[in-house]
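# Results of the structural survey
Here is what each chain is made of, one letter per residue.
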Amino acid sequence: MVHYKLIYFNLRGRAELARLILQHQEIAFEDFRFEREDWPKYKAGTPFGQVPVLEVDGKPLAQSNAIARYLARQHGLAGQNDWEQSQADMYVDCIYDLIGGTRPIIHETDKDKQKEMFQKFLQDVVNPHLQKVEQQLINNGSGFLVGKSITWADLAYYSFFSPMMERLGEAILDSTPHLKKLVAHVGSIPQIKKYVETRPKTAL
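Where an unreviewed UniProt entry is consulted, the chain appears under the name glutathione transferase, with the organism given as Daphnia sinensis. Of the comments in the UniProt record for the chain, the one headed Catalytic activity (unreviewed entry) reads "RX + glutathione = an S-substituted glutathione + a halide anion + H(+)". In UniProt, the chain has this text filed under Sequence similarities (unreviewed entry): "Belongs to the GST superfamily. Sigma family."

Written out as structure tokens, the structure reads:
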């Protein structure tokens, strides 16, 4: 049996999609978390001085997207064929673009400016993207982003938008009812629901 050890800060952050994949598929893994002040102790032991790192029977794999894609392919969440896999990759890349867009906002220390930046991000980036994804869900017709069953792309959208809904209210997705329904569906999956209820409470 393969032994997985996922190494990351005690945050959701860039490791959460990998965690959700493993939890959804009920795959046992070591969720190794550490606090930011302990990072110097672990940095030199990582392939590129970054986390997350997934150890697979002791062999390290770096880069969050590569880790999540590997786990999705290994455990049946990547898509049913090459085209579906490419579509799922496309959607996950969109989420990583959105995550990248939040970084300047998170690191802004002026609260008023941070709020202004976040509202601009919602208006100029998030909302237009939501409308495009909503249409893709309508076109696909299955309730999922890709194909006829859940993929890691659906988990990625849940991972990004569920915390946003917690902070801003569910109304943020009122204009995209198909996406709102998808996020709710993922959150109601028993193994995901249990994990979310019991995972460490962190700000990010």
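### Some details on the overall build of the chain
When helices and strands are counted, the chain shows eight helices and four strands. Along the chain, helices (α) and strands (β) appear in the sequence β-α-β-α-β-β-α-α-α-α-α-α when read from the amino end. Taken over C-alpha atoms, the radius of gyration comes to 17 Å for the chain, in line with the 17 Å a tight globule of 204 residues would show. Summarising its shape, the C-alpha atoms of the chain cover approximately 45 × 45 × 30 Å along the three principal directions. When burial is assessed residue by residue, the chain has 45% of its 204 residues classed as buried. Taking the average location of the 25 positive side-chain charges in the chain and that of its 25 negative ones, the two points are 1 Å from each other.

### Some thoughts on the packing of helix α6 (residues 152-168) against helix α7 (residues 177-188)
Contact pair α6 / α7: the axes reach a minimum separation of 9 Å and the direction vectors enclose 95 degrees. By the criterion of interaxial angle, the relationship of α6 to α7 is roughly perpendicular. Contact with α6, carried on its side by D154, L155, Y157, Y158, F161, S162 and M165, involves L179, K180, L182, V183, V186 and G187 of α7 and no other residues of that element. A per-class count over the contact of α6 with α7 returns nine nonpolar, two polar and two charged.

### What about the side chain of R19?
Take R19: it is sitting in helix α1 (residues 16-24). A distance of 3.0 Å separates polar atoms of two side chains, one belonging to R19 and the other to D31. Sequence-distant contacts of R19, defined by excluding residues within four places in its chain, comprise L6, Y8, F9, L11, R12, F29, D31, R33 and Y195.

### Observations regarding the layout of surface pockets
Empty space among the atoms becomes visible once a probe the size of a water molecule is rolled across them. Quantified by volume, the largest pocket comes out at close to 1300 Å³. Taken together, 41 residues make up the lining of the largest pocket; nearest its centre are G13, I99, T102, I106 and L204. The set of elements that each furnish at least two residues to the lining of the largest pocket consists of β1 (4-9), α1, α4 (82-107), α5 (111-140) and α6. It is α6 that contributes the most residues to the lining of the largest pocket, nine residues altogether. Tallied by class, the residues present in the lining of the largest pocket amount to 24 nonpolar, 10 polar and seven charged. Forming the walls of the second largest pocket are Y158, S162, M165, E166, E170, K180, V183, A184, G187, V196 and R199. For the lining of the second largest pocket, the secondary-structure elements that each account for two or more residues are α6 and α7. Taken together, the residues of the lining of the second largest pocket break down into five nonpolar, two polar and four charged.

### Concerning the sheet that holds strand β4 (residues 59-62)
Strand order across the open sheet formed by four strands is β2-β1-β3-β4, with mixed pairing between neighbours. Of all strands in the sheet, those with a lone pairing partner are β2 (30-34) and β4, marking the two edges. Put simply, the sheet's adjacent strands are angled 20 degrees from each other on average, direction ignored. Here α1 sits on the sheet in contact with β1 and β2, set at roughly 145 degrees to β1.

Definitions and limits used
Residues numbered from 1 in each chain as written. Predicted model: local features only at pLDDT ≥ 70, side-chain atom pairs only at ≥ 80, totals over all residues. Heavy atoms only, no water. UniProt positions renumbered as here; feature names shortened; annotations may be inferred. Helix = DSSP H or I, 4+ residues; strand = E, 2+ residues; numbered from the N terminus. Rg over C-alpha atoms; globule rule 2.2 N^0.38 Å. Buried < 20%, exposed > 50% of the residue type's maximum accessible area, 1.4 Å probe, protein only. Lys, Arg positive; Asp, Glu negative; His and termini not counted. Charge placed at Lys NZ, Arg CZ, Asp CG, Glu CD. Axes fitted to C-alpha atoms, helices over the stretch in contact; angles between N-to-C directions. Parallel < 35°, antiparallel > 145°, perpendicular 65-115°, else oblique. Contact = heavy atoms within 4.5 Å. Nonpolar A, V, L, I, M, F, W, Y, C, P; charged D, E, K, R; others polar. Polar contact = N/O pair within 3.5 Å; in protein donor to acceptor, adjacent residues only side chain to side chain. 1 Å grid on protein atoms, 1.4 Å probe; cavity = no way out; pocket = protein on both sides within 12 Å on 5 of 7 lines; lining within 4 Å. Points joined across faces, edges and corners; volume = space filled by probe spheres on them. Pairing = 2+ DSSP bridges.

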